[in-house]
Amino acid sequence: MVTDPIADFLTRIRNAQMANHRIVEIPASNLKKRMTEILYNQGYILKYKFEDDKKQGVIKIALKYDQAKVPAITSMERVSRPGLRQYAKPADFARVKNGLGIAILSTSKGVMTDKDARSQNVGGEVLCYVH
C-alpha cells in the first residue's frame, strides 16, 4: 500500500537513474500519466508508453542519458506532500534552478508546468520540482 503515489513515482525514476537502467515501470494513474507527458514534452525523458493490464495499467518510461551516461534529470523533489500541502499563486511561483528547471502543478485546469500556469494565470498545488 503506497500512501503517496507521486513520491513513489519520483523515487522509482530516481532509483532507476542511479542504477543506470534504461526503462522503468510505474503503476499507472491519470495524474502520473499527465506528469509523464510533461516530462516528455520538456525533454527530460526519451519516450514513454502506457500499457493496460488487467488491473490499473503500467507506464513504461525510457530514461534519457547523454554520451557520458549522465541522466537528463539531475534532481526531482517532492514539494507538496500528504501531511503538508503546498499551494501557490502565479505571482508566487518559485523559479526552479533560475528558470532552467520546471515545477509541476495541479491546477483547476489540469496538471501543467509552472510556465503554463503562469501564462494562464492559474494557481494550484505544487507537486514537484524537476531539473
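Residues numbered from 1 in each chain as written. Predicted model: local features only at pLDDT ≥ 70, side-chain atom pairs only at ≥ 80, totals over all residues. Heavy atoms only, no water.

**Details of the domain arrangement of the protein**
Reasoning step 1: Taken domain by domain, the protein holds domain 1 (5-63) and domain 2 (76-130).
Reasoning step 2: The straight-line distance from the C-alpha centre of domain 1 to that of domain 2 is 19 Å.
Reasoning step 3: Contacts between the two partners involve twelve residues from domain 1, matched on the other side by 13 residues from domain 2.
Reasoning step 4: Counting the surface domain 1 buries against domain 2, the share from its top three residues, Leu-10, Ile-38 and Tyr-44, is 38%.
Reasoning step 5: On inspection of domain 1 and its partner domain 2, the count reaches zero salt bridges.
Reasoning step 6: Viewed at the interface, domain 2 and domain 1 are joined by two residue pairs in polar contact (both at pLDDT 80 or more).
Reasoning step 7: Looking at the side of domain 1 that touches domain 2, the elements that each hand over two or more residues are helix H1 (5-18) and helix H2 (30-41).
Reasoning step 8: Residues of the side of domain 1 that touches domain 2, tallied by class, amount to nine nonpolar, one polar and two charged. (Domains from an automatic or database assignment. Contact = heavy atoms within 4.5 Å. Buried area = accessible area lost by both parts, 1.4 Å probe. Salt bridge = Lys/Arg side-chain N within 4 Å of Asp/Glu carboxyl O. Polar contact = N/O pair within 3.5 Å; in protein donor to acceptor, adjacent residues only side chain to side chain. Helix = DSSP H or I, 4+ residues; strand = E, 2+ residues; numbered from the N terminus. Nonpolar A, V, L, I, M, F, W, Y, C, P; charged D, E, K, R; others polar.)

**Considering H2**
Reasoning step 1: Its twelve residues give H2 an end-to-end C-alpha distance of 17 Å, which sits within 8% of 16 Å, the value for a rise of 1.5 Å per residue.
Reasoning step 2: Among the residues making up H2, those that are buried are Lys-32, Met-35, Thr-36, Ile-38 and Leu-39. Buried residues in H2, looked at end-on, bunch into an arc of 160°, giving them a common side. Turned more than 90 degrees away from the buried face of H2 sit Asn-30 and Asn-41, all of them exposed.
Reasoning step 3: In the segment just after H2, Gly-43 is the residue with positive phi, at about 85°. (Expected span 1.5 Å × (residues − 1). Buried < 20%, exposed > 50% of the residue type's maximum accessible area, 1.4 Å probe, protein only. Arc of directions from axis to C-beta.)

**So, H1**
Reasoning step 1: With 14 residues, H1 ought to run about 20 Å at 1.5 Å a step, and its terminal C-alpha atoms sit 20 Å apart, in line with that.
Reasoning step 2: All of the buried residues along H1 are Ile-6, Asp-8, Phe-9, Leu-10, Ile-13, Ala-16 and Gln-17.
Reasoning step 3: Summarising the contacts, the buried residues of H1 are in contact with strand E1 (23-27), H2, strand E3 (58-63), strand E4 (76-78) and strand E8 (124-130).
Reasoning step 4: Looking one or two residues past H1, Asn-20 carries a phi angle of roughly 55°, positive in sign.

**Digging into the packing of aromatic side chains**
Reasoning step 1: The full count for this structure, using the stated rule, is two aromatic pairs.
Reasoning step 2: Ring centres of Tyr-40 and Tyr-48 lie 5.3 Å apart, and the angle between their planes is 75°; on these two criteria the pair is classed as edge-to-face.
Reasoning step 3: Assessed through its relative accessible area of 28%, Tyr-48 is described here as partly exposed.
Reasoning step 4: Here the aromatic rings of Tyr-48 and Phe-50 are separated by 5.1 Å at their centres, their planes lie at 45°, and the arrangement is tilted.
Reasoning step 5: Using a relative accessible area of 32% as the deciding quantity, one classes Phe-50 as partly exposed. (Phe/Tyr/Trp six-rings, centres within 6.5 Å; stacked < 30°, edge-to-face > 60°.)

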